[in-house]
Amino acid sequence: MNFQKIPDPVSGDRFGALVAHELRSSLTLLEARIDTALLRPRSATYYEAALRQAKLHAGEVRGLLDALLDLEKLERHPSTQAEARCNLAEVASAVGVPWEDVHRSGERPLCWELAPAFVRGNARLLGRVVVNFLDNASKYSPRDARIVVRTGIEGKQAFLLVEDSGVGMTEEEIRQCLEPFWRAVGSQDRAAGYGLGLPLVHRIVRLHGGTLEIASHKGQGTTVRATFPRDEDPSEA
């Protein structure tokens, strides 16, 4: 598989505009879900289910806000990213399983291939990387498509990747995918969540000393991989 390394993320002067776009998109999506429930009179059972869903989605928006605050703090104090030892397998499972319950209900289950992969960083921000990868895999794949979540070690690097069998991208689309507001042709017309956009996710990866890579072929799916410096426990050496 030939991965294409993604160049440096957007400059700091565009950060505010990206954040504003993420928040507006998330609140618009939540508002649309509520409006759907209010279109016509419905049963008490329906309203109860709708309120439970609204609560879940409000929690996701709150998680997005928390991640943005963490990202802003990390921008100001980059050294804080090294304070905690995180297992990418545990991070992926902690955010991926609830995401699957909300966004893949009744669809093909995710395929989990999680091996221990320790790094130094902010688990909440790394979790938003997972959510973004899953959002995009779902958005650009048929409902019954196979989506794989994998973590592991390659030499001195720890990696997290999500692989789908969706519409895929051309080389030109790969180069464009970090542009704000860009959307690939063939995306599914359905909301996939409240994740950070790829430009901001790329900032998270870079602030953790990592790299973002994409391998894709039109009509054959996409694999997105984030690699980070491996944190080796002296007792494991």
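Notes on the structure follow. Because the structure is predicted, anything quoted here is derived from the model rather than measured.

**Concerning a nonpolar patch on the surface**
Turning to step 1, where the next piece is worked out: Residues I34, L38, Y46 and Y47 make up a contiguous nonpolar surface patch of about 360 Å² in total accessible area.
Turning to step 2, where the next piece is worked out: With respect to the helices and strands, the residue Y47 is situated in helix α2 (residues 44-76).

**Some details on helix α4 (residues 123-139)**
Turning to step 1, where the next piece is worked out: The end-to-end C-alpha distance of α4, which contains 17 residues, comes to 24 Å, matching closely the 24 Å that a straight helix rising 1.5 Å per residue would cover.
Turning to step 2, where the next piece is worked out: Most of α4 is tucked away: 13 of the 17 residues are buried.

**As for the pattern of salt bridges**
Turning to step 1, where the next piece is worked out: If you walk through the whole model with that rule in mind, you get 11 salt bridges.
Turning to step 2, where the next piece is worked out: The shortest N-O distance in the salt bridge between K218 and E173 comes to 3.1 Å. Taken together, the residues span a long stretch of sequence, with K218 in the loop between β7 (211-217) and β8 (221-229) and E173 in helix α5 (residues 171-176) at a distance of 45 residues.
Turning to step 3, where the next piece is worked out: Residue K218 is classed as partly exposed on the basis of its relative accessible area, which comes to 40%.
Turning to step 4, where the next piece is worked out: Here E213 and R225 are joined by a salt bridge, their closest N and O atoms 2.8 Å apart. Of this pair, E213 sits in strand β7 while R225 sits in strand β8, and the two are 12 residues apart along the sequence.
Turning to step 5, where the next piece is worked out: Judged by relative accessible area, E213 falls into the buried class, the value being 11%.
Turning to step 6, where the next piece is worked out: Salt bridges sharing partners connect three or more residues here, namely E113, R146, R150 and E163.

**Structural notes on the packing of aromatic side chains**
Turning to step 1, where the next piece is worked out: By the definition in use, this model includes 1 aromatic pair.
Turning to step 2, where the next piece is worked out: Centre to centre, the rings of Y46 and Y47 are 6.2 Å apart; their planes meet at 80°, and the pair counts as edge-to-face.
Turning to step 3, where the next piece is worked out: Geometry around F118 places R85 over its ring, the cationic atom sitting 4.0 Å from the centre.

**Here's the deal with helix α3 (residues 88-103)**
Turning to step 1, where the next piece is worked out: With 16 residues, α3 ought to run about 22 Å at 1.5 Å a step, and its terminal C-alpha atoms sit 21 Å apart, in line with that.
Turning to step 2, where the next piece is worked out: In α3, a bend of some 25° at G96 exceeds every other bend along the element, and P98, a proline, comes one to four places later.
Turning to step 3, where the next piece is worked out: Every buried residue belonging to α3 is among L88, A89, V91, A92, G96, W99, E100 and H103, and all of these are buried.
Turning to step 4, where the next piece is worked out: Its side-chain oxygen 3.0 Å from the backbone nitrogen of A89, N87 forms the N-cap of α3.

**Describing the packing of α3 against α4**
Turning to step 1, where the next piece is worked out: Contact pair α3 / α4: the axes reach a minimum separation of 9 Å and the direction vectors enclose 50°. By the angle between their directions, the pair α3 and α4 is classed as oblique. Considering how the two elements wind past one another, α3 and α4 form a crossing that is right-handed. Each of L88, V91, A92, V95, G96 and W99 in α3 lies in contact with α4, whose residues at this interface are A123, L126, G127, V130, V131, L134, D135 and S138.
Turning to step 2, where the next piece is worked out: The class makeup of the residues in the contact of α3 with α4 is 10 nonpolar, 3 polar and 1 charged.

Reading guide: rules and limits
Residues numbered from 1 in each chain as written. Predicted model: local features only at pLDDT ≥ 70, side-chain atom pairs only at ≥ 80, totals over all residues. Heavy atoms only, no water. Patch = residues over 30% accessible without salt bridge, like charges linked within 9 Å, V, L, I, M, F, W, Y side chains within 5 Å. Areas by Shrake-Rupley, 256 points an atom, 1.4 Å probe, with all protein chains shown as cover. Salt bridge = Lys/Arg side-chain N within 4 Å of Asp/Glu carboxyl O. Helix = DSSP H or I, 4+ residues; strand = E, 2+ residues; numbered from the N terminus. Expected span 1.5 Å × (residues − 1). Buried < 20%, exposed > 50% of the residue type's maximum accessible area, 1.4 Å probe, protein only. Phe/Tyr/Trp six-rings, centres within 6.5 Å; stacked < 30°, edge-to-face > 60°. Lys NZ or Arg CZ within 6 Å of the ring centre and 35° of its normal. Bend = angle between axes of the 7 residues up to and from the residue. Polar contact = N/O pair within 3.5 Å; in protein donor to acceptor, adjacent residues only side chain to side chain. Axes fitted to C-alpha atoms, helices over the stretch in contact; angles between N-to-C directions. Parallel < 35°, antiparallel > 145°, perpendicular 65-115°, else oblique. Left-handed = near helix turned anticlockwise from the far one by under 90°. Contact = heavy atoms within 4.5 Å. Nonpolar A, V, L, I, M, F, W, Y, C, P; charged D, E, K, R; others polar.

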